[in-house]
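# Secondary and tertiary structure notes
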Amino acid sequence: MAEEKGVEKSPTPPPAEFSSIVASLATGALMALGGESEEEGKPGAPDLPRARYAIDLLEVLAAKTKGNLTPDEDRHL
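As the structure is a computational prediction, the values presented were derived from the model and not from experiment.

### Things to note about the overall build of the chain
Of the regular secondary structure elements, the chain holds 3 helices and 0 strands. Moving toward the C terminus, one meets the helices and strands of the chain in the order α-α-α. Counting the 77 residues in the chain, one finds 17% classified as buried. Of the contacts formed within the chain by residues at least 6 apart in sequence, a portion of 42% connects residues at least 24 apart. Just so you have it, the chain exposes about 6,500 Å², and 57% of that area is on carbon and sulfur atoms.

This is the structure in structure tokens:
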């Protein structure tokens, strides 16, 4: 497939890794707890149900992967 002239190519995403899943869920939880808003650069209003959901997903991930993680993955989670 030929690239069109003047069309920027999207950057290559990082490789899919376990740590990326954990970081994504953790970031979602932090943002829901009032993390810095991208638009304003200051803390947003906490959304506790959304934060609880992200934390619950991390707990499910921990339970389902127990005994199958490397020491580094286990620490990261």
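Additional details are given in the paragraphs that follow.
### Notes on the environment of G44
Mapped onto the fold, G44 is located in the loop between α1 (18–32) and α2 (48–65). Put simply, G44 and A32 are 12 residues apart on the chain and 8.2 Å apart in space, counted from C-alpha to C-alpha.

### Some remarks on the pattern of salt bridges
Across all of its chains, the model carries 4 salt bridges by this definition. For the salt bridge of R52 with D56, the shortest nitrogen-to-oxygen distance reads 2.9 Å. On the criterion of helical spacing, the pair formed by R52 and D56 is a turn pair, its members being 4 residues apart in helix α2. Here D72 makes a salt bridge to R75, at a shortest N to O gap of 2.2 Å. Taken as a pair, D72 and R75 lie in helix α3 (residues 71–76) at a separation of 3 residues, close to a single helical turn. With respect to class, D72 is no different from R75; both count as exposed. Overlapping salt bridges, with partners in common, bring together R52, D56 and E59 in one network.

### Topic: the nonpolar core
F18, V22, L25, L58 and L61 together form the largest nonpolar core, which totals 5 residues. Within the residue set of this core, elements represented by two or more residues are α1 and α2. It is α1 that provides the largest number of residues to this core, a total of 3 residues. With near-sequence residues (within four places) excluded, L61 lies in contact with F18, I21, V22, L25 and L77.

How each quantity is defined
- Residues numbered from 1 in each chain as written.
- Predicted model: local features only at pLDDT ≥ 70, side-chain atom pairs only at ≥ 80, totals over all residues.
- Heavy atoms only, no water.
- Helix = DSSP H or I, 4+ residues; strand = E, 2+ residues; numbered from the N terminus.
- Buried < 20%, exposed > 50% of the residue type's maximum accessible area, 1.4 Å probe, protein only.
- Contact = heavy atoms within 4.5 Å.
- Areas by Shrake-Rupley, 256 points an atom, 1.4 Å probe, with all protein chains shown as cover.
- Salt bridge = Lys/Arg side-chain N within 4 Å of Asp/Glu carboxyl O.
- Core = buried A, V, L, I, M, F, W, Y, C linked by side-chain atoms within 4.5 Å.

Such coordinate-based values are descriptive only and should not be taken to indicate function.
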